[in-house]
Amino acid sequence: MTTVAKTLGVPDVGLEPGSDGDLCPASADAGGLSSRDAAARLARDGGNVLPTPQPTPLWRRIVTQLRDPLVLVLLAAAGFTLATADFTDAAVILLVIAVNTTVGVLQEIKAERAITALSALTAPAARVVRDGRQREVPAADLVTDDLLILAEGDVVPADARLVESVALLVDEAALTGESAPVDKFSAATGTDSASSAVVSAGTVVVRGRGRAVITATGAASAMGRIAAILVTSPGLTPLQRRLAGVGRQLAVGALLLCGLVLALGLVRGQPLQLMIVTAISLVVAAVPESLPAVVTLSLALGARRMTARHAVIRRLPAVETLGSVTILATDKTGTLTEGTMVVRQLWTPRGDASVSGFGFAPDGRVHRDGENVVAGQAGDQAPDLVELMRAAVLCSDASLRAPSPDSDDWLAVGDPTEAALLTAGGKLGIDVDALHQEWPRHGEAPFDSDRKRMSTAHQLADGRIQVICKGAPEALLQPAIITDHPDVLRRATDRADTFARQGYRVLAVAQAERDTVPGGAAGYEHGLRLLGLVAILDPPRASAAATIAACRGAGITPVLITGDHPATATAIATELHIIDVGQTAVDCRVTDPGPAATQGVRVFARATPQQKVAIIDALRAAGHVVAMTGDGVNDGPALHRADIGVAMGKRGTEVARQAADLVLADDELATVVAAAQEGRRVYANIRRFLLYALSGGAAEIAVMLVGPFVGLPLPLLPAQILWINLLTHGLPGLAMGSEPADPDGMRKPPRPPAETVLGAGLWQRVLRVAAVIAAVTVGVGVWAHTTDRPWQTLTFLALGLTQLAVALGSRARPGTAANPMLFAAVGGALLLQLAAIYAPPLRELLGTEPVTATDLLIVTALSALGYAAIRLDRRIHSTP
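Owing to the predicted nature of the structure, the values given are computational and were not obtained by experimental measurement.

Trainee: Account for the overall build of the chain, with residues named and values stated.
Mentor: In terms of helices and strands, the chain carries 33 helices and 28 strands. For the chain, with 880 residues in total, the buried portion stands at 56%. At a minimum sequence separation of 6, the contacts of the chain that also span at least 24 residues come to 71%. Carbon and sulfur atoms form 59% of the exposed surface of the chain, whose accessible area is close to 34,400 Å².

Structural data, given as structure tokens:
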């Protein structure tokens, strides 16, 4: 922690016991606490640390994972396969359960890591006044009423009330989302805003120094309140909710249908033991036990593809959730904007000029009247602009740090707003170091809350003094300060108002020459000549407009939620077409944002962390699937609460990264759109597998139900059912998770949040395809039985080959070499199906007989109807 360069003098004032027995400061504002009193408060109130949640026992985590309906179905299937001595299937099912349970348990520690990150963010040490002397103590040992010393570069370790401040400027972006640092003043200055006399834990002192009395530590601080919000556990993702519903439906449906098969078999005189084994086999066939493996593989492949596109997935189900998103709620600072203050507009009595470029690098152009102002010739082309920016640079305390081996970027040291002035000066060819040497500073009147101005005095070559003043237009554009004609003041005031309505932060700059250094602020700030106005903005990212347009094209509604000023939020949202011209942001200080979110409001300003959560909750309660992006501490709770939280990887705080499900390594919002495409691909592949697997399972049940009525007493043996189930639901099913994305996927709206995974006509498609598979299988069986062929073997062969044909026809891009894994999987399954007929050990195990080449060709040709059926069905129904 940075220490103050100059010790603030404090008298030695002790503490007196209060009447109620508590220790009370006699004058904490003056001399701080005594060591004895501080120790007593520490023992009574606890340390300045965030609360640590009780760890969840491992057994409870495992039980929670195993209570998922689909996992319960798989456990039942595993029990059934063990009962039939099918140890291979049982081992596969149990392995899938173990892998998914392990992954789920590991992901549950996300909230605990977010709390740990919050603890790491707070200052490790702090300088306080105790026993009348300054001393450095661990931040964890701070207590209420400690007198805290603050200096430039310090991380504020606890919430505190200022009792003294000198040009104090605090960066609250990580806590509030406001891009511009905030001036802070002690309560003694009489400022109207109570918040300006308060500093919060986790914020950073950008400039100045001060003393503050600690008012809240640990869980009671601003950082602690955010930590409390992060403790709540996130709900199920849309995919998890949909799969839970599928699991319940499959469990009930499979048991009912297989019970029906058992009853019909007994009525027809089949042995009880055989029919029980058959019914159990059909339960296994009806339950697509490969579904969790397919889901996991699809999510893992999607996560890998997202990583290649600079999107790092921290929570695997979030891969699919991105494809379900209907609302993209985004922070402003550092997400839609660059996160750095940049001069964009200049005004002098001679006219306007615009400034291009991003960041603090002195790269870019100054444009006036359609022409570039050349840096080396600016003094001749635009002397008024050079004079304006030269004065603004001199009347600044910030500095710029050039790129170094540790950083490729230009960095601001001090107030980012003043650093933006230096950058703009560099674009006009102003050499900051040479300027300060030529016109050294000989005096200053620092900024304060009453004047809202800063003035400096610089010695000229002829010995005279150049006085420069910069400040808020309303504080500087006054006849008592500026000697220009009233018409100039009126024009300047009107232009400043226009800039402010457009979301700019505006500074006015004036100067005058004096014979000597003025003696106080009043001596500086009179008889000045107005040089002009500087309009500063945190500009939108170059890619932001295209990203917002892509979201709209994909049916995703963008919503801006920021802690910044309503005018700034409105300007950015209008420029990026989040809202239309004429619409404005909702000020969360005066309007409850929760109800407003459900009424179509798309821009929220001055939102606190709790209000951001309220907005997210309201949108989710209205049925939306919400993605929230952000980079600050203040975004952590909302990131945690959203269906998917997206954090910036480079400039994001550790709190935001740990609370998020997805981290953008390149800090580009456009990566979210690319990730959403991967999410839609994953969901499409899961539905593709369900269509394939459920149609096959339904066909098997249909064959067993219809067979006895057409002269096939027991169409398939239990071992044959399990074999087909293993071949078709195994490698071919897994390979479907690698199918490529639909080229038109991002030109379609997201699926309705209330839609089930089997919705949008998938159930109907399952029944149609199952009917074709069952018809081919039963038809082959009846033909073989009538012609005295090995009908049960041919029925078994037809069922397997037709399902494999459906697998080939399910490809997203037929006629291409995309996803060769599926070709290999189907080829391998085909060879195993033939081995089940021609390999003696398998024939004995499965009860099959060899068939002639002619019969094999006939069955193979008929099974091609499965391919034709799935392709035709896709044309009938446009979704995969």
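Trainee: Describe the side chain of Asp-331, listing the residues and the values that go with them.
Mentor: Here Asp-331 shows up in the loop between strand E11 (327-330) and strand E12 (342-348). On the basis of relative accessible area, Asp-331 is assigned to the buried category, the value being 1%. When neighbours within four sequence positions are excluded, Asp-331 is seen to be in contact with Leu-336, Leu-560, Ile-561, Thr-562, Lys-612, Met-628, Thr-629, Gly-630, Asp-631 and Asp-635.

Trainee: Mind laying out unusual backbone geometry, listing which residues take part and the relevant values?
Mentor: For Asp-131, which is not glycine, the phi torsion reads 55° and is therefore positive. You can see Asp-131 is positioned in the loop between strand E3 (125-130) and strand E4 (133-138).

Trainee: Outline the environment of Leu-690, listing residues and values.
Mentor: Mapped onto the secondary structure, Leu-690 falls in helix H26 (residues 670-706). Since its relative accessible area comes to 0%, Leu-690 is described here as buried. Sequence spacing of Leu-690 and Val-757 is 67 residues, and the spatial spacing of their C-alpha atoms is 8.9 Å.

Trainee: How would you explain the packing of aromatic side chains if you had to name every residue and give the values?
Mentor: Inspection of the entire model under this criterion finds one aromatic pair. Its end group placed over the ring of Phe-499, Arg-495 keeps NZ or CZ at 4.1 Å from the ring centre.

Trainee: Give a detailed account of the sheet that holds strand E10 (residues 311-313), specifying residues and quantitative values.
Mentor: The mixed open sheet is built from eight strands, whose spatial order is E10-E28-E27-E26-E11-E23-E25-E24. In this open sheet, the two edge strands, each paired with only one partner strand, are E10 and strand E24 (586-587). The pairing of E24 with strand E25 (residues 603-605) spans two bridges and is parallel. Bridging across to E25, Val-586 finds its partner in Phe-604. Packing of helix H23 (residues 609-621) onto the sheet brings it into contact with E11, strand E23 (557-561), E25 and strand E26 (626-630), and relative to E26 it is tilted by some 160°.

Trainee: I'd like to hear about helix H14 (residues 383-394), residue by residue, with values.
Mentor: In a regular helix each residue adds 1.5 Å, so twelve residues correspond to 16 Å; H14 covers 16 Å between its end C-alpha atoms and thus fits that length. Within H14, nine of the twelve residues are buried, leaving the element largely enclosed by the surrounding structure.

Trainee: Requested: an account of a nonpolar patch on the surface, with residues and values cited.
Mentor: Nonpolar side chains collect at one region of the surface, where Leu-75, Leu-82 and Leu-94 lie side by side and expose about 230 Å² of accessible area between them. One can find Leu-82 in helix H4 (residues 69-83). Relative accessible area serves as the criterion here: at 43%, Leu-82 is assigned to the partly exposed category.

Trainee: Describe the confidence of the model for the chain, naming the residues involved and giving the relevant values.
Mentor: Averaged over every residue, the pLDDT of the chain is 79; residues scoring 70 or more account for 81%. Confidence, read as mean pLDDT per element, is least for strand E1 (residues 15-17) in the chain (32) and greatest for strand E22 (residues 529-537) (95). Counting interchain partners and residues more than four positions distant, the pLDDT-below-50 stretch residues 1-28 has 68 contacts. Residue range residues 114-123 is modelled with pLDDT below 50. Its contacts to residues more than four positions away, or to other chains, number 27 contacts.

Trainee: Describe the pattern of salt bridges, and please don't skip the residues or the numbers.
Mentor: What the rule picks out here adds up to 30 salt bridges. A salt bridge links Arg-130 to Asp-146, with the shortest nitrogen-to-oxygen separation between them at 2.6 Å. Of this pair, Arg-130 sits in strand E3 while Asp-146 sits in the loop between E4 and strand E5 (147-151), and the two are 16 residues apart along the sequence. The exposure classification of Arg-130 matches that of Asp-146, with both residues buried.

Trainee: Help me get a handle on the nonpolar core, residues and values and all.
Mentor: Membership of the largest hydrophobic core comes to 100 residues, with the highest contact counts inside it found for Leu-336, Ile-578, Val-603, Ile-644, Leu-662 and Phe-796. Those residues in contact with Val-603 that sit more than four places away from it in its chain are Leu-560, Ala-569, Ala-573, Ile-578, Ile-579, Ala-585 and Val-586. In terms of nonpolar packing, the next biggest core, distinct from the first, is built from 37 residues, Val-343, Leu-346, Val-366 and Leu-435 among them.

Trainee: Lay out the sheet that holds strand E21 (residues 505-514) in plain terms, naming residues and giving numbers.
Mentor: Here nine strands make up an open sheet; going across it, the order is E15-E14-E13-E12-E22-E21-E20-E19-E18 and the pairing antiparallel. Sheet topology places strand E15 (371-373) and strand E18 (441-445) at the edges, where each strand pairs with a single neighbour. For this sheet, the mean angle separating the axes of adjacent strands, direction not counted, is 25°. Of the pairings in the sheet, the one linking E21 to E22 comprises seven bridges and is antiparallel in character.

Trainee: Outline the environment of Trp-783, supporting the account with residue identities and numerical values.
Mentor: With respect to the helices, strands and loops of the structure, Trp-783 is situated in helix H29 (residues 762-786). A residue is classified by how much of its surface remains accessible, and Trp-783, at 26% relative accessible area, is partly exposed. Taking the C-alpha atoms as reference points, Trp-783 and Thr-795, separated by twelve residues in sequence, lie 9.7 Å from one another. Discounting chain neighbours no more than four positions away, the residues touching Trp-783 are Arg-789, Leu-794, Asp-855 and Ile-858.

Trainee: I'd love a proper account of the pairing of E5, names of residues and values included.
Mentor: Across the five residues that make up E5, a large majority, five, are buried. A two-sided burial pattern is seen for E5, the buried positions comprising Leu-147, Ile-149 and Ala-151 on one face and Leu-148 and Leu-150 on the other. Inspection of the sheet shows E5 paired to strand E9 (residues 204-216) by five bridges, in the antiparallel sense. Opposite Ile-149, over in E9, you have Arg-211 as the bridge partner.

Trainee: Account for the pairing of E4, naming residues and giving values.
Mentor: Bridge analysis of E3 against E4 gives six bridges, and the strand direction is antiparallel. Bridging from a neighbouring strand, Val-128 pairs with Arg-135 of E4. The turn joining E3 and E4, which pair antiparallel and follow one another in sequence, is formed by two residues; a positive phi near 55° is taken by Asp-131.

Trainee: Run through H26, naming residues and quoting values.
Mentor: Its 37 residues place the ends of H26 54 Å apart at the C-alpha level, agreeing with the 54 Å of an ideal helix rising 1.5 Å per residue. Burial runs high along H26: 32 of the 37 residues are buried.

Trainee: Explain the packing of helix H30 (residues 791-809) against helix H33 (residues 853-876) to me, using residue names and the numbers behind them.
Mentor: Remark: H30 packs on H33, axes separated minimally by 7 Å, with the N-to-C direction vectors making an angle of 35°. You can see that H30 and H33 cross each other, and the crossing is right-handed. Contacts between H30 and H33 involve Leu-794, Leu-797, Ala-798, Leu-801, Thr-802, Ala-805, Val-806, Leu-808 and Gly-809 from the former and Asp-855, Leu-856, Val-859, Thr-860, Ser-863, Gly-866, Tyr-867, Ile-870 and Arg-871 from the latter.

Trainee: An account of the side chain of Thr-728 is requested, with residue identities and associated values reported.
Mentor: By secondary structure assignment, the location of Thr-728 is in helix H27 (residues 718-729). We classify Thr-728 as buried; its relative accessible area is 1%. In terms of polar contacts, Thr-728 uses its side chain to reach the side chain of Gln-803, at 3.5 Å.

Trainee: Describe the state of the cysteines, naming the residues involved and giving the relevant values.
Mentor: Per the stated rule, a full pass over the model turns up zero disulfides. Free cysteine Cys-395: the closest other cysteine sulfur is in Cys-469, separated by 6.6 Å.

The rules behind these values
Residues numbered from 1 in each chain as written. Predicted model: local features only at pLDDT ≥ 70, side-chain atom pairs only at ≥ 80, totals over all residues. Heavy atoms only, no water. Helix = DSSP H or I, 4+ residues; strand = E, 2+ residues; numbered from the N terminus. Buried < 20%, exposed > 50% of the residue type's maximum accessible area, 1.4 Å probe, protein only. Contact = heavy atoms within 4.5 Å. Areas by Shrake-Rupley, 256 points an atom, 1.4 Å probe, with all protein chains shown as cover. Phe/Tyr/Trp six-rings, centres within 6.5 Å; stacked < 30°, edge-to-face > 60°. Lys NZ or Arg CZ within 6 Å of the ring centre and 35° of its normal. Pairing = 2+ DSSP bridges. Axes fitted to C-alpha atoms, helices over the stretch in contact; angles between N-to-C directions. Expected span 1.5 Å × (residues − 1). Patch = residues over 30% accessible without salt bridge, like charges linked within 9 Å, V, L, I, M, F, W, Y side chains within 5 Å. Salt bridge = Lys/Arg side-chain N within 4 Å of Asp/Glu carboxyl O. pLDDT = per-residue confidence, 0-100. Core = buried A, V, L, I, M, F, W, Y, C linked by side-chain atoms within 4.5 Å. Left-handed = near helix turned anticlockwise from the far one by under 90°. Polar contact = N/O pair within 3.5 Å; in protein donor to acceptor, adjacent residues only side chain to side chain. Disulfide = S-S within 2.5 Å.

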